[in-house]
Each structure stands twice: as structure tokens, then as C-alpha cells.
Amino acid sequence: MPERECFGGLLTGYPEVAVDRFDGRCLNASYFLLSHLHSDHMRGLDSAELRSVLQSQPQPRLLLSRQSAALLTSWPRYAALAPHLCPLEVGVPRQLTDRLVVTALPAAHCPGSVMFLLEGGAGGNVLYTGDFRLDGHQLADMKALHDADGHPKPIQALYVDTTFCVPQRRELPTRSRSAESVLRLVTEWLDRAPDNRVNLDCKARYGYEHIFRRLHEATGMRVHVDAEKIQLYERLPDIARCVTPCASETRLHSCRPGSTCLRDGSGGPLRSITLSTMFFFMNQAVDCLEYHLGGERYRVLYSFHASLGQVREMVSYLRPARVVPCVVPPNSSLESVVALLGVASEPRLELQSSRLPTARATHWERRPSEVLQPHRQHTGQRQPPKEIKRIRPKVESPGRRQGHQRSPQSAVGAPEERAGAADTRPAWKSPFDSD
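The chain is annotated in an unreviewed UniProt entry as Protein artemis of Amphibalanus amphitrite.

Structure representation (C-alpha cells):
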């Protein structure tokens, strides 16, 4: 069962703004915000309809981070959007109208990913997280989220990434810890023989650059990637130095399984390491950081998204008046997500339309093809999950004060929050998203 989107691209109180959706009713907006370059946040971005709307505007109206703008223009499919891009400096407020201000904030999901803080509209202060991976201390360091006295600004609505809001994994390993696990598996294998090689099987087009940098620093070797990724990374100098288009100069690869460089008979034995999250979520018996599939095949838990604990920490820190879940995880429901975040309490949670999105390939739909081998725990790698305390806000919601608990089914967002008719065009894949 794939995940379901609950966010239609429009924000209550900000009818002039569309976020991460560029079709249907969202085309009636005057400003378009793009949080990052994964295809589930880019629907309609390549359409002639969007270009027509943008061309009718007196100034660039497609707002995104400066890094995302550089990456987007590297792909021919989106070259026509270049004149309409309005790059934002992270952490610097941008005045769009006399009353409307938008600030891009780091999301730590992938290169260029940002959250958007909107202020000045009828909806009050609204924070849209997009996809994010942040801890509470990182939120505390964001000046734009705080007033002059250093207190968190009042947030009227929090549109939050709930991709992994499931009880099975309340906490996820940090990406640094996952990178250290990968580094150990890599160096152990390379040290065994001078011709041994490693391939990192990365499902998304980009987002693993932290691991590339860590491997380059530790081994002195660059990671071989395909020409498409080389073109992408040319826009990111700090990453470009860690990768190479030449397969023969390195024993580290991040190529599609079955690629010519991996089948080359002149190469030595190959160890395959797949970086993933869903394998560990969909197999309840697998409760570890890394898993040995047999032979020289491993999986390492590596997540781009916030854990349930991190989402609850954000809600607890910001204490928004409304929380709007943006995604329903697989084998879950809107009601379950709401319950995990604290239903019928302050802050009040609301649900948007539960209309299923157009069928498309997502990272949820991929199921592990491997037959699970008996679990092999790696000594020193497993750590018990951090204790999670239930969020019990101090202020009771209006519904409870009146002796009535608002049911999840009745807490549907305002009509302007839902996009128009379903997109029936054939599914496509962004160059930046999963294979």
C-alpha cells in the first residue's frame, strides 16, 4: 500500500501562493514555491500551463533555494523555467507584496531543500516543512522562527512531513551514524584485497552526498557516478570534487546494478551496499542499522525524512494552533497519524482531503526483492531507541472545552487547501528522484 498525499498545494489564508504543486487549482496562484527537487513535489512543473502563467507575470514568481535553482537549470526538461526562477537566500526574508513575506529555512532533506515560513497573510504565520530531517536544537537556531526576545513565533498552521509517522520506528539513526556504518563496511572490504570494489546502490538520484564526502575524506578515493549525475554535481563544487566519471580510477562506485562498469571482467570482487529506509520499515523483524542479505550484499538504514520523534519534537517546540499532516504512511491512516501526534488536544490537528493522488512510482511502492536471511546483528551497531514521551500540551482545545471531541473525519481542511481535478497524465520521473 503506497503512501497517500493529504496536501493539495494550497495554504489556508494564502490563496495567492501554491507550494510544491503546479497543476489544477494551484495554477490560480500568483506565487509558486518549490521546496526541493523530488518528483512528488514537482507535479506540473514542466507543463505548458505553468509556463503560460509564469510568462503572464511581470517578474519571476517561481521561488526556490539558490542551490535548487542551480540544480534545476542543469536539466534540459526545465530549461524553459530559467527566466522565471526567483532564488532565495536561506534564512533571509523576501518581501513579496506589501503584506506577504516568505522565508526559506533549511530542511536538511537533500541538497537545496528548504521549508517555507509565510507571514503577513490572512492565515497568520504558516510553516510548510516540505520533506525535512531536523532536530529541536536546529529549530532553536533558526532566527526567522523566533521573535526579538528569542521566543518561537506564534504559528497558526504547521503543514508537516509525516512520511515516517509510524510507531514501528519512533527514532531513526542520524545520517552521520548511517555514514559511519557504510564507511566501516567499505573499508573492511577494500582492505581485504587490492582489487576489491564496492557499489553503493542509491535509489534516489541525489541526497547521498554526505556519504560520498565521508568516503572521499576517509579513503582518498572519488566515487564513480554516471554522466547524468556528473552534470548535476557540476553545479555543486563541494560535491563535484568527491565524484568522478572515470570508472577505472577508483574502487568506489554508485551506479545502477548491472551497469557496464560493475560487470567489467577486469574488476575485482564486488560488495553491494543498498541505502534504504522502507526495507527496514516493511520488514518488522529487521530491527538494526545494517542487514546482511547474504554473500556480499548489505542494506544500511539511511533516511531523508524526519522520524516520528522528530516530528513530535517540532510540534512540541513550535506549538502551532493547527497541524496539517501532508502524508499518510503505508498501512496507516489519517486517524492513526493524528493519534500519534496527539489528537483532540492543543495544538489542534486538521486533515486535508484524503483524495488519492494519481498512480505513480514512489519509494513506498518498492518492495525488497531479497528473501530475508536469518537476522545477523552486528556487535556495536545496534542501539536501543530513545524513550519518547507523549506530547501533552497544556492548553485544552476548544472542542474539548465544549465537551465534544472533533473526529478526524470532520476535521477536513478548507476547500482552498485542496487541489483541483486529478492529474490523469502518464506518470513520469524527475531526474532528481528515485529510479
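Now for the overall build of the chain. Secondary structure assignment for the chain yields 12 helices and 21 strands. When contacts within the chain are restricted to residue pairs at least 6 apart in sequence, those whose partners lie at least 24 apart make up 72%. Accessible surface, the chain: about 18400 Å² in total, of which carbon and sulfur atoms supply 51%.

Among the structural elements, His-36 can be located in the loop between strand S4 (31–33) and helix H1 (48–55). Taking relative accessible area as the criterion, His-36 reaches 1% and is therefore assigned buried. A polar contact of 3.3 Å, which involves the side chain of His-36, links it to the side chain of Asp-131. When near neighbours in sequence (up to four residues on either side) are disregarded, His-36 contacts His-41, Met-42, Ser-68, His-109, Cys-110, Ser-113 and Asp-131.

Here we come to the nonpolar core. Counting residues in each nonpolar core, the largest one holds 55 residues, and the members touching the most others are Phe-32, Leu-45, Leu-72, Leu-200 and Leu-275. Among the domains, domain 1 (17–170 + 306–341) and domain 2 (175–301) are the pair contributing at least three residues each to this core. Core analysis: the next-biggest nonpolar cluster, separate from the first, contains 25 residues, Ala-144, Cys-165, Met-314 and Val-337 among them.

Here we take up the pairing of strand S12 (residues 197–202). Most of S12 sits inside the fold, with six of its six residues counted as buried. Burial along S12 is two-sided: Arg-197, Asn-199 and Asp-201 and Val-198, Leu-200 and Cys-202, pointing in opposite directions, are all buried. As judged from the six bridges shared by S12 and strand S16 (residues 270–276), these two strands associate in the parallel manner. Within S16, the residue paired with Asn-199 across the bridge is Ser-272. For S12 and strand S15 (residues 252–253), the ladder comprises two bridges, and the chain directions are parallel.

This part is about the packing of aromatic side chains. Counted by the stated rule, this structure contains nine aromatic pairs. Here the aromatic rings of Phe-279 and Phe-280 are separated by 5.3 Å at their centres, their planes lie at 85 degrees, and the arrangement is edge-to-face. An aromatic cluster of three or more residues is present, and its members are Phe-7, Tyr-128 and Tyr-159.

The next thing to look at is the sheet that holds strand S6 (residues 85–88). Spatial strand order, S2-S3-S4-S5-S6: five strands in an open sheet with mixed pairing. Two strands in the sheet have a free side with no partner beyond their single neighbour: strand S2 (10–11) and S6. Of the pairings in the sheet, the one linking strand S3 (residues 14–19) to S4 comprises three bridges and is parallel in character. Residue Val-17 lies in a different strand from S4, and its bridge partner there is Tyr-31.

For Ser-178, the location among the structural elements is in helix H4 (residues 175–190). In this structure the side chain of Ser-178 is engaged in a polar contact, spanning 2.6 Å, whose partner is the backbone oxygen of Leu-301. What Ser-178 contacts, discounting residues up to four positions off in sequence, is Pro-173, Leu-289, Val-300, Leu-301 and Tyr-302.

Taken residue by residue, the chain gives an average pLDDT of 80. The fraction at 70 or more is 76%. The low-confidence segment residues 343–348, where pLDDT is below 50, has 24 contacts with residues more than four positions distant or belonging to other chains. Across residues 350–435, confidence stays below pLDDT 50; counting only partners more than four residues off in sequence or on other chains, it has 201 contacts.

Time to look at the sheet that holds S15. In spatial order, the strands read S14-S13-S15-S12-S16-S18-S17; together these seven strands make up an open sheet with mixed pairing. The open sheet has two edge strands, strand S14 (243–244) and strand S17 (290–294), and neither has a second partner. The strands that H4 touches are S12, S15, S16, S17 and strand S18 (297–301); relative to S16, the one it contacts most, it runs at about 175 degrees. Seen against the sheet, helix H5 (residues 209–219) touches S12, strand S13 (223–224), S14, S15 and S16 and runs at an angle of roughly 165 degrees to S12.

Here the focus is the packing of H4 against H5. Contact pair H4 / H5: the axes reach a minimum separation of 10 Å and the direction vectors enclose 45 degrees. By the angle class used here, H4 and H5 are oblique. Note on packing geometry: the crossing formed by H4 with H5 is right-handed. Together, Arg-175, Ser-176, Ala-179, Glu-180, Val-182, Leu-183, Val-186 and Thr-187 of H4 and His-210, Ile-211, Arg-214, Leu-215, Ala-218 and Thr-219 of H5 make up the contact between the two elements.

A few words on the pattern of salt bridges. Working definition: two side chains of opposite charge can pair if their charged atoms are close together. Counting across every chain of the model gives 12 salt bridges. Between Arg-66 and Glu-89 there is a salt bridge whose closest N-O contact spans 2.6 Å. Within this pair, whereas Arg-66 is found in helix H2 (residues 66–72), its partner Glu-89 is found in the loop between S6 and strand S7 (94–95), the two being separated by 23 residues in sequence. Across the pair Arg-184 and Glu-290 runs a salt bridge whose closest N-O atoms are separated by 2.3 Å. Residue Arg-184 is located in helix H4, and its partner Glu-290 is located in strand S17; the two are separated by 106 residues in the primary sequence. Look at Glu-290 and you get buried, because its relative accessible area is 1%. Overlapping salt bridges, with partners in common, bring together Glu-188, Arg-271 and Glu-296 in one network.

Positive phi, close to 55 degrees, is recorded for Asp-20, a residue that is not glycine. For Asp-20, the location among the structural elements is in the loop between S3 and S4. Even without being glycine, Arg-319 reaches a positive phi, approximately 45 degrees. The residue Arg-319 is located in the loop between helix H10 (308–318) and strand S19 (322–325) in this model.

Tracing the backbone through its elements, the reader meets Val-53 in helix H1. Between the C-alpha atom of Val-53 and that of Leu-27, which follows or precedes it by 26 residues, the distance is 7.1 Å. Beyond its immediate chain neighbours, meaning those up to four positions away, Val-53 contacts Leu-27, Ala-29 and Phe-32.

What counts and what doesn't
Residues numbered from 1 in each chain as written. Predicted model: local features only at pLDDT ≥ 70, side-chain atom pairs only at ≥ 80, totals over all residues. Heavy atoms only, no water. Helix = DSSP H or I, 4+ residues; strand = E, 2+ residues; numbered from the N terminus. Contact = heavy atoms within 4.5 Å. Areas by Shrake-Rupley, 256 points an atom, 1.4 Å probe, with all protein chains shown as cover. Buried < 20%, exposed > 50% of the residue type's maximum accessible area, 1.4 Å probe, protein only. Polar contact = N/O pair within 3.5 Å; in protein donor to acceptor, adjacent residues only side chain to side chain. Core = buried A, V, L, I, M, F, W, Y, C linked by side-chain atoms within 4.5 Å. Domains from an automatic or database assignment. Pairing = 2+ DSSP bridges. Phe/Tyr/Trp six-rings, centres within 6.5 Å; stacked < 30°, edge-to-face > 60°. pLDDT = per-residue confidence, 0-100. Axes fitted to C-alpha atoms, helices over the stretch in contact; angles between N-to-C directions. Parallel < 35°, antiparallel > 145°, perpendicular 65-115°, else oblique. Left-handed = near helix turned anticlockwise from the far one by under 90°. Salt bridge = Lys/Arg side-chain N within 4 Å of Asp/Glu carboxyl O.

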